[in-house]
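Structure at a glance
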Amino acid sequence: MNQRHTTWHVQHKAGLTRGERAADFLRNGMGSWTFVGLFLAFMAVWAAMNSYVSPTRAWDPYPFILLNLFLSMVAGLQGAILLIAAKRQDAIAAAMAQHDYETDVQAKTEIDRLMAINSRQLELLEELRSLLAQRPVTGTDDGGTSRPAWDA
């Protein structure tokens, strides 16, 4: 009795592969202010640890060549992940456009059907008006207005 109505979007999300879900998760994570803040904090801690805290035993002394290597790897991975996620967004947009088109076609069919019914009703009303206009007037009611013969 209490069945959950699922939309096509929910059904589509349920059919995603593990890689597609991971790409969406990473895209949502990397596209946030939280990620930017944590990334900047990490870089500041890295620089502080290697420059001020233990400058004699630094694992990556200034100019931070190891950090540059890590940043290059992150940038390469981010580019690939963002492209995967963008490709998925394009697929979602195409599916939404197709769904909108199908809904529009269905709505147009229904509107055409309702317009045909409305046209037929208007024709019937015109026929009734013409029949009423052709009926003879036989008398008047209490207010002095004419009334049709069948009301007399």
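Conventions we followed
Residues numbered from 1 in each chain as written. Predicted model: local features only at pLDDT ≥ 70, side-chain atom pairs only at ≥ 80, totals over all residues. Heavy atoms only, no water. Helix = DSSP H or I, 4+ residues; strand = E, 2+ residues; numbered from the N terminus. Buried < 20%, exposed > 50% of the residue type's maximum accessible area, 1.4 Å probe, protein only. pLDDT = per-residue confidence, 0-100. Patch = residues over 30% accessible without salt bridge, like charges linked within 9 Å, V, L, I, M, F, W, Y side chains within 5 Å. Areas by Shrake-Rupley, 256 points an atom, 1.4 Å probe, with all protein chains shown as cover. Salt bridge = Lys/Arg side-chain N within 4 Å of Asp/Glu carboxyl O. Phe/Tyr/Trp six-rings, centres within 6.5 Å; stacked < 30°, edge-to-face > 60°.

A closer look at the overall build of the protein chain
Secondary structure summary: the protein chain contains four helices and two strands in total. Along its sequence from the N terminus, the protein chain presents helices and strands in the succession α-α-α-α-β-β. Out of the 152 residues belonging to the protein chain, those deemed buried represent 10%.

A look at the confidence of the model for the protein chain
On average, residues of the protein chain carry a pLDDT of 84, and 85% of them reach 70 or more. Taken element by element, the predicted model of the protein chain shows its lowest mean pLDDT in strand 2 (residues 146-148) (59) and its highest in helix 4 (residues 65-134) (92).

Here we look at a nonpolar patch on the surface
A contiguous nonpolar surface patch, about 570 Å² in accessible area, is contributed by Val45, Met49, Tyr52, Val53 and Trp59. Assignment of secondary structure puts Val45 in helix 3 (residues 33-53).

As for the pattern of salt bridges
One pass over the full model with this rule turns up five salt bridges. As a salt-bridge pair, Arg113 and Glu110 come within 2.7 Å of each other at their nearest N and O atoms. Placement of the pair is Arg113 and Glu110 together in helix 4, with a separation of three residues, close to one helical turn. Close ionic contact of Arg129 with Glu126 constitutes a salt bridge, the shortest N to O distance being 2.8 Å. Of this pair, Arg129 and Glu126 both sit in helix 4, separated by three residues, roughly a single helical turn. With a relative accessible area of 46%, Glu126 lands in the partly exposed category. Via salt bridges that share partners, Arg120, Glu123 and Glu127 belong to a single interconnected network.

Let's talk about the packing of aromatic side chains
To describe a pair of aromatic rings, you give the distance between the ring centres and the angle between the ring planes. Within the structure shown, the criterion is met by five aromatic pairs. Ring centres of Phe35 and Phe39 lie 5.7 Å apart, and the angle between their planes is 20 degrees; on these two criteria the pair is classed as stacked. Residue Phe35 and its partner Phe39 are located together in helix 3, separated by four residues, close to a single helical turn. Phe35 sits in the partly exposed class, given a relative accessible area of 25%. Relative to Trp59, the ring of Trp46 lies with its centre 5.7 Å away and its plane at 85 degrees, an arrangement referred to as edge-to-face. Placement of the pair is Trp46 in helix 3 and Trp59 in the loop between helix 3 and helix 4, with a sequence separation of 13 residues. Residue Trp46 is classed as buried on the basis of its relative accessible area, which comes to 9%.

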